[in-house]
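Given next are the chains, with one letter for each unit.
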Amino acid sequence: MAHFNLIVLGAGALGSAVAYHAARRGARVLLLEQYAIDHQRGSSHGASRIIRYAYDHPIYVALARLAFPEWRELEAQAAEQLMFPAGGLDFGPRGEPELERTISALTREGVPFELLSAAQANVRFPQFRFSDEIAVVYQADSAILAASRCVLAHVRLAVQAGAELRENALATLTPLGDGVQVSFGSERHTADHAVVCAGAWANDLLAPLGAHLPLRPVLCQENYFEIAGLEDYSLGRFPVFIAHLLSDYGYPSEPYGLPSIAGSGLKLSLHGGPDFDPHREERVPLPSVHEVMRSFAARFLSQPLGALRSSRACLYTMTPDEHFVRGRLPGLPQILLGAACSGHAFKFSTVLGRLLTELALDGDSSFDLSFFSPTRFSGEA
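Okay, so let's go over this structure.

How each quantity is defined
- Residues numbered from 1 in each chain as written.
- Predicted model: local features only at pLDDT ≥ 70, side-chain atom pairs only at ≥ 80, totals over all residues.
- Heavy atoms only, no water.
- Buried < 20%, exposed > 50% of the residue type's maximum accessible area, 1.4 Å probe, protein only.
- Helix = DSSP H or I, 4+ residues; strand = E, 2+ residues; numbered from the N terminus.
- Pairing = 2+ DSSP bridges.
- Core = buried A, V, L, I, M, F, W, Y, C linked by side-chain atoms within 4.5 Å.
- Axes fitted to C-alpha atoms, helices over the stretch in contact; angles between N-to-C directions.
- Contact = heavy atoms within 4.5 Å.
- Salt bridge = Lys/Arg side-chain N within 4 Å of Asp/Glu carboxyl O.
- Parallel < 35°, antiparallel > 145°, perpendicular 65-115°, else oblique.
- Left-handed = near helix turned anticlockwise from the far one by under 90°.
- Nonpolar A, V, L, I, M, F, W, Y, C, P; charged D, E, K, R; others polar.
- 1 Å grid on protein atoms, 1.4 Å probe; cavity = no way out; pocket = protein on both sides within 12 Å on 5 of 7 lines; lining within 4 Å.
- Points joined across faces, edges and corners; volume = space filled by probe spheres on them.

### Examining the pairing of strand 19 (residues 332-339)
For step 1, the next point in the chain: The buried count for strand 19 comes to seven of eight residues, which makes it a mostly enclosed element.
For step 2, the next point in the chain: Two elements, strand 12 (residues 187-196) and strand 19, share three bridges in a ladder whose sense is parallel. Of the residues in strand 19, the one forming a bridge with Val196 is Leu337.
For step 3, the next point in the chain: Bridge analysis of strand 18 (residues 325-329) against strand 19 gives five bridges, and the strand direction is antiparallel. From the neighbouring strand, Arg326 faces strand 19, where its bridge partner is Gly338.
For step 4, the next point in the chain: Linkage of strand 18 to strand 19, two consecutive antiparallel strands, is achieved through a turn of two residues, within which Gly331 is found at a positive phi near 85 degrees.

Pasting the structure below:
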């Protein structure tokens, strides 16, 4: 049995970032992953994720201000490119509430953007076909993160800084006075603090502690399509986009897209999906989503979609308000939660990893995380 300052349960985007920041600060860290590093069963694997300032709540714009430079710092430490400039569009019917909130949040936080008419956007981005009732926001700083490479960089640098790593370690978590104990296989270790970053499996660790949070795993998928003139839909020519079309697709299933990278095909999908048990072995993409994306493309893209190149199912873990859970477990302050990314936290993972590290090692964080507190779920936490 060994004693650590911090034990991190889950080595996806957030858990790997916590281990990276804590180990670089000289803490003794144990990072546990129930599967292999960069496995495909959860939420953090894949070629690409969007990073952007364009959000409909100012707290995320403020977090993005911290995240962009921290990803550049990670790139420098890892000596590899992890973030790829793309520019980004948010569009929807003029006056659409979510789009209007996005414009207000960008304005409030002083982030530069352009508000384009449909005609202006069609000239500037001929890959799209916007009708007159559509308003378009362009924000030049939007970019793409190479998702799996980001996770692997965090893990590699954490280990280089002294963190210990265990893969295929399905752990149980037990409070011990003002510390914790974890057990997995034949190993048993203690720590001052534990950070639960277990994604869709978080409630497996929390429920035995009497903590019942409204975390809902759902099945999502990434889809890559052929399209005529693929080079025009590739990184460097085609922006990332989010379509604010709640009246057409319902909350929270809005369409989004990313350019083709190294011939991957155009990435199109929906933000959200049906409930899913993460313990089920199969991860089967839904053909109905492919048809929805074809219908969307026929309406908004200037070229029809071709063959489906590939499709992969993955998981989101949603909260009722779609905001994250970050903070101390009520009644057990030695256990911190990094849970329920709700399908949009990857871009913030490196800065959220630092803030959770501060909360564990320093007792407080340099950015107020109370907005994400688990106590906001009345009667649930």
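### Some remarks on the nonpolar core
For step 1, the next point in the chain: Ranked by size, the top nonpolar core spans 63 residues in total, and within it Leu63, Trp71 and Phe348 carry the most contacts.
For step 2, the next point in the chain: Ranked by residue count, the leading element in this core is helix 2 (residues 58-78), at ten residues.

### Describing the sheet that holds strand 8 (residues 143-145)
For step 1, the next point in the chain: An order of 3-8-4 is seen for the three strands of this open sheet, with the pairing classed as antiparallel. Each having just a single partner strand, strand 3 (49-51) and strand 4 (83-85) make up the two edges of the open sheet. With direction set aside, neighbouring strand axes in the sheet form an average angle of 35 degrees.
For step 2, the next point in the chain: When strand 4 meets strand 8, the two strands line up antiparallel, connected through three bridges. Residue Met83 lies in a different strand from strand 8, and its bridge partner there is Leu145.
For step 3, the next point in the chain: Lying on the sheet, helix 2 is in contact with strand 3, strand 4 and strand 8; it crosses strand 4 at an angle near 120 degrees.

### Digging into the pattern of salt bridges
For step 1, the next point in the chain: Inspection of the entire model under this criterion finds 21 salt bridges.
For step 2, the next point in the chain: Here Glu109 ties to Arg108 by a salt bridge, and the two come within 3.7 Å at their closest N and O atoms.
For step 3, the next point in the chain: Residue Arg108 is classed as exposed on the basis of its relative accessible area of 66%.
For step 4, the next point in the chain: Where Arg237 meets Asp232, a salt bridge forms, and the shortest distance between an N and an O atom there is 2.8 Å.
For step 5, the next point in the chain: The class of Asp232 is partly exposed, set by a relative accessible area of 33%.
For step 6, the next point in the chain: Through salt bridges with shared partners, one network takes in Arg28, Glu164, Arg166 and Glu187.

### Observations regarding the pairing of strand 11 (residues 179-184)
For step 1, the next point in the chain: Across the six residues of strand 11, six count as buried, placing the element largely inside the fold.
For step 2, the next point in the chain: Direction of pairing for strand 10 (residues 172-176) relative to strand 11: antiparallel, over a ladder of five bridges. Within strand 11, the position partnered with Thr174 by the bridge is Gln181.
For step 3, the next point in the chain: Hairpin connection, strand 10 to strand 11: the antiparallel pair is bridged by two residues, and Gly177 has positive phi, about 55 degrees.
For step 4, the next point in the chain: Here strand 11 pairs with strand 12 via five bridges, running antiparallel.

### Description of the packing of helix 2 against helix 3 (residues 97-109)
For step 1, the next point in the chain: With their axes 9 Å apart at the nearest point, helix 2 and helix 3 run at an angle of 50 degrees to one another. Classified by the angle their axes make, helix 2 and helix 3 are oblique. Helix 3 is crossed by helix 2, and the crossing has right-handed handedness. In this structure, helix 2 uses Pro58, Val61, Ala62 and Arg65 to contact helix 3, whose residues at the interface are Ala105, Arg108 and Glu109.
For step 2, the next point in the chain: In terms of residue class, the contact of helix 2 with helix 3 is made up of four nonpolar, no polar and three charged.

### A short note on the environment of Val351
For step 1, the next point in the chain: The residue Val351 is located in helix 9 (residues 349-362) in this model.
For step 2, the next point in the chain: Each residue touching Val351, except ones within four places of it in the same chain, is listed here: Leu63, Leu66, Ala67 and Glu70.

### Examining the sheet that holds strand 6 (residues 114-116)
For step 1, the next point in the chain: Taken in spatial order, the eight strands make up an open sheet running 6-7-5-14-15-16-13-17, and their pairing is mixed. Edge positions in the sheet fall to strand 6 and strand 17 (305-318), since each of these pairs with one other strand and no more. When the angles between neighbouring strand axes are averaged without regard to direction, this sheet yields 20 degrees.
For step 2, the next point in the chain: One ladder, built from six bridges, connects strand 5 (residues 88-93) with strand 7 (residues 134-139); its direction is antiparallel. Directly across from Phe91, in strand 7, lies its bridge partner Val136.

### Remarks on empty space enclosed by the protein
For step 1, the next point in the chain: Going through the model one piece at a time under the given rule, you end up with one cavity of 30 Å³ or more.
For step 2, the next point in the chain: Taken as a whole, the largest cavity holds about 30 Å³ of empty space.
For step 3, the next point in the chain: If you trace the largest cavity, you find it lined by Ile50, Arg52, Gly88, Leu89, Asp90, Ser142, Val240, Phe241 and Ile242.
For step 4, the next point in the chain: When contributions to the lining of the largest cavity are tallied by element, the ones reaching two or more residues are strand 5 and strand 14 (240-243).
For step 5, the next point in the chain: Taken together, the residues that form the lining of the largest cavity break down as five nonpolar, two polar and two charged.

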